[in-house]
Amino acid sequence: QVQLVESGGGLVKPGGSLRLSCTASGNIFHINGMCWYRQAPGKQRELVAAMTSGGSTTYKDSVKGRFTITRDNAKHTVYLQMNSLKPEDTAVYYCNSDIATGLGTKPYDYWGQGTQVTVSS
């Protein structure tokens, strides 16, 4: 069994910063991509940032230059540093990861429970 646990959400004023963390635990053999998604009320879940096991990154256009995704493979942890936050960044942020639990097993897509980020004055 694998679990993803996020932390670091909260209430911040426009222009402020937050750092989200997500740690995978359990029966982990190999972690492929690690990603952050978000879902605002009434909207579809969208990809915010992603990082491959090799370190390549992808960002949603609206967060480029403001958000940075990093990962610590030894700790099975992915981070999202969010700077210059805007009210439109308000959403529940979810961690997502493609994880294999054994040699030769097919990787499975795991999700965290989500952490609320609210940007408001």
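Everything in this summary refers to the structure shown in the same document. On a predicted model such as this, the values are computed, not experimentally measured, just so you know.

Focus on the sheet that holds strand E8 (residues 77-82)
- Strand order across the open sheet formed by four strands is E1-E3-E8-E7, with antiparallel pairing between neighbours. Each end of this open sheet is capped by a strand with a single partner; those strands are strand E1 (2-7) and strand E7 (67-72). Strand-to-strand, the axes of this sheet are offset by a mean angle of 15°, without reference to chain direction.
- Of the strand pairs in this sheet, E1 and strand E3 (residues 18-26) are connected by six bridges, and their pairing is antiparallel. Residue Leu4 lies in a different strand from E3, and its bridge partner there is Ala24.

Here's the deal with the state of the cysteines
- As enumerated under the stated definition, the model contains one disulfide in all.
- A disulfide bridge connects Cys22 with Cys95, and the sulfur atoms are separated by 2.1 Å. In this structure the cystine formed by Cys22 and Cys95 twists about its S-S bond by roughly -80°; its chirality is therefore left-handed. One end of the pair, Cys22, is in strand E3; the other, Cys95, is in strand E9 (residues 91-100), with 73 residues separating them in the sequence.

Quick look at the nonpolar core
- Counting 28 residues, the largest nonpolar core has Trp36, Phe67, Leu80, Met82, Tyr93 and Ile99 as its most contacted members.
- Residue assignment for this core shows that the elements contributing at least two residues are E1, E3, strand E4 (30-39), strand E5 (46-51), E7, E8, E9 and strand E11 (115-119).

Some remarks on the pairing of E5
- Alignment of E4 against E5, held across five bridges, turns out to be antiparallel. Its bridge partner lying in E5, Tyr37 is registered against Leu47.
- As consecutive antiparallel partners, E4 and E5 are separated by six residues, and within that stretch Gly42 has a phi angle of approximately 80°, a positive value.

Points about the packing of aromatic side chains
- Applying the stated criterion to the full structure yields two aromatic pairs.
- Across the ring face of Tyr79, the terminal group of Arg19 is positioned such that the distance to the ring centre comes to 4.1 Å.
- Its end group placed over the ring of Trp111, Arg45 keeps NZ or CZ at 4.8 Å from the ring centre.

Some remarks on the environment of Gly8
- One can find Gly8 in the loop between E1 and strand E2 (10-12).
- Residue Gly8 is classed as partly exposed on the basis of its relative accessible area, which comes to 32%.
- Between the alpha carbons of Gly8 and Ile99 there is a distance of 22 Å; along the sequence they are 91 residues apart.
- The contact partners of Gly8, leaving out residues within four places of it in the chain, are Leu18, Arg19 and Leu20.

Some thoughts on the pairing of E8
- Burial analysis of E8 places five of its six residues in the buried class, which makes it a mostly covered element.
- Bridge count between E3 and E8: six bridges; the pairing is antiparallel. In the sheet register, Cys22 faces E8, and the bridge partner there is Val78.
- Bridge count between E7 and E8: six bridges; the pairing is antiparallel. Following the sheet pairing, Thr70 is matched in E8 by Tyr79.
- Taking the residues between adjacent antiparallel strands as the criterion, E7 and E8 are bridged by four residues, where His76 takes a positive phi near 55°.

Analysis parameters
Residues numbered from 1 in each chain as written. Predicted model: local features only at pLDDT ≥ 70, side-chain atom pairs only at ≥ 80, totals over all residues. Heavy atoms only, no water. Pairing = 2+ DSSP bridges. Helix = DSSP H or I, 4+ residues; strand = E, 2+ residues; numbered from the N terminus. Axes fitted to C-alpha atoms, helices over the stretch in contact; angles between N-to-C directions. Disulfide = S-S within 2.5 Å. Core = buried A, V, L, I, M, F, W, Y, C linked by side-chain atoms within 4.5 Å. Buried < 20%, exposed > 50% of the residue type's maximum accessible area, 1.4 Å probe, protein only. Phe/Tyr/Trp six-rings, centres within 6.5 Å; stacked < 30°, edge-to-face > 60°. Lys NZ or Arg CZ within 6 Å of the ring centre and 35° of its normal. Contact = heavy atoms within 4.5 Å.

Scope: geometric values only; no functional claims are made or implied.
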